[in-house]
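The residues making up each chain are set out below.
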Amino acid sequence: MKKTIDEHAERFSEAASTYDDEQDSEPYRMCAQQVVNHAASTSCDTVLDIGTGTGAIAFELTSAADRVIGRDISTGMLDQARMKADIENIENISFAEGRFRDPNVDSDITVDIVTSNFAMHHLSDDEKCNAITVISALEPDRFILGDVMLFGAANPDESFYDPSVDDPATVGILVDALTDAGFVISEVEFVHEQVGVLVAEQ
Ligand SMILES: C[S@@+](CC[C@H](N)C(=O)[O-])C[C@H]1O[C@@H](n2cnc3c(N)ncnc32)[C@H](O)[C@@H]1O
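Per-chain numbering applies: the sequence of each chain, read as written, is numbered from 1 onward. Totals for whole chains, interfaces and linings use every residue, but because this is a predicted model, local features are given only for residues with pLDDT of at least 70 and side-chain atom pairs only at 80 or more, for both listing and counting. Heavy atoms from the whole structure form the basis of all side-chain values; hydrogens and water molecules are not counted.

**Q** Please clarify how the site of the ligand should be interpreted in this entry.
**A** Only a single heavy atom is needed: when it lies within 4 Å of a molecule or strand, its residue is near that molecule or strand. Residues in close proximity to the ligand total 20 residues, the closest being Tyr19, Tyr28, Gly51, Asp72 and Asn117. Under the rule applied, a polar contact is a pair of N or O atoms within 3.5 Å (in protein, one hydrogen donor and one hydrogen acceptor; residues adjacent in sequence only if both atoms are side-chain atoms). Here an oxygen atom of the ligand sits 2.7 Å away from a polar atom, N or O, in the side chain of Tyr19. Asp72 places a side-chain nitrogen or oxygen 2.6 Å from an oxygen atom of the ligand. Residue burial considers only the protein chains on display, and all accessible areas are found by Shrake-Rupley using a 1.4 Å probe. Its free accessible area being 590 Å², the ligand has 97% of it covered by the protein chains. Put simply, DSSP marks the helices as runs of H or I at least four residues long and the strands as runs of E at least two long, and each gets a number from the N terminus on. Residue contributions to the shell around the ligand peak at three residues, all from helix H1 (residues 5–22). Of the residues belonging to the shell around the ligand, the class tally is 11 nonpolar, seven polar and two charged. Classes in brief: Ala, Val, Leu, Ile, Met, Phe, Trp, Tyr, Cys and Pro nonpolar; Asp, Glu, Lys and Arg charged; the others, Gly included, polar.

**Q** Would you take a moment to explain the sheet that holds strand S4 (residues 113–117) for this structure?
**A** Pairing between strands requires that DSSP locate at least two bridges from one strand to the other. Read across the open sheet, the seven strands follow the order S3-S2-S1-S4-S5-S7-S6; overall the sheet is mixed. The open sheet terminates on both sides in strands that have one partner only, identified here as strand S3 (93–97) and strand S6 (184–192). Put simply, the sheet's adjacent strands are angled 15° from each other on average, direction ignored. Contacts are assigned to residue pairs that have any heavy atoms within 4.5 Å of one another. Helix axes are fitted only over the stretch in contact, all axes being lines through C-alpha atoms; the angle between N-to-C directions runs from 0 to 180 degrees. Its contacts with the sheet place helix H4 (residues 75–88) against strand S2 (65–72) and S3, and it is angled at close to 165° to S3. Where helix H6 (residues 171–180) meets the sheet, its contacts fall on strand S5 (142–148), S6 and strand S7 (195–201), and the angle it forms with S7 comes to roughly 15°.

**Q** Quick question: what am I supposed to make of the packing of aromatic side chains here?
**A** Aromatic ring pairs: the centre-centre distance and the angle between the two ring planes describe each pair. Here is the rule: rings of Phe, Tyr and Trp (six-membered ring for Trp) pair when centre to centre is within 6.5 Å. Planes less than 30 degrees apart are stacked, more than 60 are edge-to-face, and the remainder are tilted. Enumeration over the complete set of coordinates arrives at five aromatic pairs. Aromatic pair Phe118 and Phe160: ring centres 5.9 Å apart, planes at 70°, arrangement edge-to-face. Within this pair, whereas Phe118 is found in the loop between S4 and helix H5 (125–137), its partner Phe160 is found in the loop between S5 and H6, the two being separated by 42 residues in sequence. Burial classes: relative accessible area under 20% of the type maximum marks a residue as buried, over 50% as exposed, and values in between as partly exposed (1.4 Å probe, protein chains only). Here Phe160 falls in the buried class, since its relative accessible area comes to 19%. Among the aromatic side chains, those forming a connected cluster through ring pairs are Tyr28, Phe118 and Phe160.

**Q** I'm lost on H5 in this one. Help?
**A** Spacing of three or four residues puts side chains on the same side of an α-helix, whose turn is 3.6 residues. To estimate how far a helix should reach, multiply one less than its number of residues by 1.5 Å. Compared with the 18 Å implied by 1.5 Å per residue over 13 residues, the 19 Å span of H5 between its first and last C-alpha is a close match. Taken as a whole, H5 has its buried residues at Lys128, Ala131, Ile132, Ile135 and Ser136. Buried residues along H5 cover an arc of 140° about the axis, so they all sit on one side. Seen from the open side of H5, the exposed residues pointing more than 90 degrees away from its buried face are Asp126 and Ala137. Residues of H5 that are buried sit in contact with strand S1 (44–50), S4, S5 and H6. In the segment just after H5, Glu139 is the residue with positive phi, at about 60°. Read the arc as the range of directions from the helix axis to the C-beta atoms.

**Q** In this structure, what is going on with the layout of surface pockets? I would like to understand it.
**A** Grid spacing is 1 Å over the protein atoms alone, the probe is 1.4 Å, and a cavity is where that probe fits but cannot get out, while a pocket is an open set with protein on both sides within 12 Å along at least five of seven lines and lining residues have an atom within 4 Å of a point. Grid points are joined across faces, edges and corners, and a volume is the space filled by probe spheres set on the points. Each pocket or cavity is described by its volume, and for the largest pocket that value is around 880 Å³. Phe12, Phe118, Ala119, His121 and His122 are, among the 43 residues lining the largest pocket, the residues nearest its centre. Counting residues per element, the ones that place at least two in the lining of the largest pocket are H1, S1, helix H3 (56–60), S2 and H5. Of the residues that constitute the lining of the largest pocket, the class distribution is 19 nonpolar, 14 polar and 10 charged. Considering only enclosed or pocket space, the second largest pocket measures out at about 240 Å³ in volume.

**Q** Would you explain the pairing of S4 in this entry?
**A** On a regular strand, one side chain projects to one face of the sheet and the next to the other, so that they alternate. Extensive coverage of S4 is indicated by the burial of five of its five residues. A two-sided burial pattern is seen for S4, the buried positions comprising Ile113, Thr115 and Asn117 on one face and Val114 and Ser116 on the other. Here three bridges tie S1 to S4, and the two strands are oriented parallel to one another. Residue pairing across strands places Leu48 opposite Val114, the latter belonging to S4. As defined by bridge partners, S4 adjoins S5 across five bridges and the pair is classed as parallel. Within the sheet, the bridge partner assigned to Ser116 lies in S5 and is Leu145. Considered for its hand, the β-α-β crossover made up of S4, H5 and S5 is right-handed. With the strands pointing away from the viewer, any crossover whose connection runs clockwise from the first strand over the helix to the second is right-handed.

Remember that the coordinates give geometry; whether it matters functionally is a separate question.
Structure follows, in structure tokens:
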């Protein structure tokens, strides 16, 4: 990880009030839409969205799921997400502190689908493997990971990869980590040389 969890949390809290307005790039929108499409393709009881931010993915899944749980390390991003839920009066969504290595989900909750969009690339590759093991242990039917991931060589001059804060893995490393954790990869979606979506089932 290029920054500590606290540094990432602070960085995102500072950007939280303008975050939604700034997510206007075509690859970000395409990636988010594909994550939503794969997650919403079957209705289910519970979706867990890790690195939920202001809830871009989580809100889109409230009509396909009975309950959507968003987890993040940034209080500022979580405050924005909760404010949106209040304004829209959406009752089957909730947000709380939680992180990849400990998503903070009660043991009596069965998680059917896990999503994560544009968040896991902040972890080192070892931490990503650990996070994938933690997610696998929740025994979801499907895990949909949209993220900065490298289809070719890393190119810091291209969008989506700032080496001072980002630590994206290659698609191969992510596929191996998912497979080692017991997932079967059903889709690899190319969005951009440095952005993709992986659909993993178990
Ligand atoms: C670029 S934003 C993406 C937010 C949202 N998923 C989206 O698609 O717009 C990345 C989010 O990941 C969160 N994050 C970073 N590291 C995390 C970690 N270890 N565990 C949970 N969330 C983390 C940040 O606080 C931030 O809200």
